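Structural description and commentary
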Amino acid sequence: MQANELNLQQAHKDLRAKKISAQELVDACLEAIKKKDKKLSAFLHVFESEARELAKRADEKISRGQEIGLLEGMPIAVKDNILYAGHVCTAGSKILENYNAVYDAAVVAKLKQAGAIILGKTNMDEFAMGSSTENSAFGATKNPWDMKRVPGGSSGGSAAAVAADMCLAALGTDTGGSVRQPAALCGVVGLKPTYGRVSRYGLIAMASSLDQAGPVAKTVQDAAWLLRAIEGLDAKDSTSVNTESISTEFPQDIKNMKIGVPKQFFTSGLNSGVEKTVRQAIAKLEELGAKIIDIELPHAEYALAVYYIIMPSEVSSNLSRYDGVRYGKREKGKDLIDVYKNTRAKNLGPEVRRRVMLGAHALSSGYYEAYYGRAQRVRTKICQDFKDAFTKVDCIVGPTTPTTAFKIGEKCDDPLTMYLSDIYTVSANVAGIPAISIPAGLSGGLPVGLQFMGNYFDEKTILQIANTFELATEHHKKKPEI
Ligand code: GLN
């Protein structure tokens, strides 16, 4: 096995045993990037010499016999909407093409503190709006399982980079599914934490009441290690919460745990191959001792509609800062309004403009109550559905996505079909609960994701169940040939 193919846990063990060095880890990843990323385009920027230098320092620390943290010397990729001081941060948009971050996002500061090496920044849909990475202003990322297919999105670069072993793990952001959906389509693990567990300080905001950064990893255990490193209360994000840290060790036992299967997640849009794989996984959970219980989430069918009102409303407000004056590129114009218009028309892509317009409409006087106000009330009902469900079950299971990876170009002209890829992931964001996607097997040679959703701040339970399932199966060991 090559060093870049290790997961965090294996690499950490080898590093401590001095069987491998941080420099070897970084070199192997850089080598893999050179070999594969011309085809995949998962990275927008790679910090080669800097990563080598940091690896050298990590090795010196280890050779001095200093105690090392779980992420010390680990080459990790970061989605390009997360600020890394002194490095370019584009959010996949032309408007931020030359923007240099002046401070570290809280999650980056924490990764650095934990000794991780930030290897590069990964490709994404512009401002995290999309489900395929095709909305990046810098070209689409390919799925390592099939180059003709999308890796999912918006954190498609992070998921492809982890799946193709170009880094040991990565960070993404998840507003409506952007960590879990690409993780599912690329056959890796993706975790969206409870809203508030991880600070949003230094993330380029998409929809502030939904955004959370989360790990993309090769195993559930690795995802837990990363979450442990990035979580925690932060005075710079008033929505971050002081809560018990997650444990990085969980019992390998799910006997008598109650797992709910919502009937609303097995509807007509679900591809039959995906359904079969997910049903087999559920049978496996039962075999492992869990109690499978049919449940109802009566308002789940409205989650996507609610999301597509609240998200664009927040988008239109958050993106108003890119006006050619305060941030980003500026185009010429005959007066101020003309500068705004030219700057935004020339440098924001069609999907971003579509959402800004939708949001501005939903928030406009006369319509606000009918759209935004109403969506917020239905949101409360969706939260209540989950609260009710978690009085009966320990976690909820279902598919992460309705289909496996689709073809590049297939859904570009039809935003509604594209939006439907998020049908099973958005409810966790709308409600603010944690959710994880893990590999459940292949259908037609392509990965299928299994999603576990947990109660507020109860990442522990979904990690325990996902980890037990993972260790009892071989699905996470299957790798794309690239
Ligand atoms: N695909 C969803 C969207 O387009 C989710 C995006 C995200 O989570 N950032 O809005």
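Look above for the structure.
Summarised in this report is the structure supplied together with it. Throughout, residues of each chain are indexed from 1 in the direction in which the sequence is written. Given that this is a predicted model, residues contribute local features only at a pLDDT of at least 70 and side-chain atom pairs are listed and counted only at 80 or more, while totals for whole chains, interfaces and linings are drawn from all residues. Derived side-chain values reflect all non-hydrogen atoms in the structure, with water molecules and hydrogen atoms excluded from consideration.

Our focus in this paragraph is the environment of G187. Put simply, DSSP marks the helices as runs of H or I at least four residues long and the strands as runs of E at least two long, and each gets a number from the N terminus on. Structurally, G187 can be placed in the loop between α6 (180-186) and β5 (189-192). Sequence separation between G187 and I76 is 111 residues; the distance between their C-alpha atoms is 18 Å. Whether two residues touch is decided by their heavy atoms; if any such pair falls within 4.5 Å, the residues are in contact. If near-sequence neighbours (up to four positions away) are discounted, G187 is found in contact with W145, P439 and P447.

Here we take up the site of the ligand. Residues in contact with the ligand amount to 15 residues; listed here are only the nearest, T175, G176, S178, Y307 and R355. The separation between a nitrogen atom of the ligand and a polar side-chain atom of S154 is 3.5 Å. Identification of polar contacts relies on pairs of N or O atoms within 3.5 Å, with a donor-acceptor requirement for protein atoms, meaning one able to donate a hydrogen and the other able to accept it, and with residues adjacent in sequence counted only if both atoms are side-chain atoms. Within the backbone of T175, an N or O atom sits 2.7 Å from an oxygen atom of the ligand. For the accessible areas, the method is Shrake-Rupley and the probe is 1.4 Å, while residue cover comes only from the protein chains on display. For the ligand, the protein covers 100% of the area, taking 290 Å² as the surface of the free molecule. Definition of nearness: a residue and a molecule or strand are near each other if at least one heavy atom of the residue lies within 4 Å of the molecule or strand.

What follows is about the pairing of strand β2 (residues 75-79). Buried means the residue's accessible area, taken with a 1.4 Å probe over protein chains only, is under 20% of the maximum for its type, while exposed means over 50%, and partly exposed covers the values in between. Burial runs high along β2: five of the five residues are buried. Side chains P75, A77 and K79 project from β2 onto one buried face, and the interleaved I76 and V78 project onto a second face that is buried too. With five bridges connecting them, β2 and strand β3 (residues 117-122) associate as parallel partners. What sits directly across from K79, in β3, is T122. Any two strands are treated as partners once DSSP identifies two or more bridges connecting them. Pairing of β2 with strand β4 (residues 169-174) involves three bridges; the strand directions are parallel. Opposite I76, over in β4, you have A169 as the bridge partner.

A fitted line through C-alpha atoms represents every axis, and for helices the fit uses only the stretch in contact; the resulting angles, taken between N-to-C directions, go from 0 to 180 degrees. It is the contact of helix α1 (residues 8-16) with helix α7 (residues 220-230), at a shortest axis distance of 8 Å, that shows an interaxial angle of 75°. By the angle class used here, α1 and α7 are roughly perpendicular. In this structure, α1 uses L8, Q9 and H12 to contact α7, whose residues at the interface are Q221, D222, W225 and L226. In these notes the angle categories are as follows: under 35 degrees is roughly parallel, over 145 is roughly antiparallel, 65 to 115 is roughly perpendicular, and the rest is oblique.

On to α7, then. Burial runs high along α7: ten of the eleven residues are buried. Those residues of α7 that sit buried are V220, Q221, D222, A223, A224, W225, L226, L227, A229 and I230. G232 lies just past α7 and shows a positive phi near 125°.

Cysteine sulfur atoms are paired as a disulfide whenever they come within 2.5 Å of each other. Scanning the entire structure with this criterion turns up zero disulfides. Here C89 is not cross-linked by a disulfide; its sulfur's nearest cysteine counterpart is in C167, at 17 Å.

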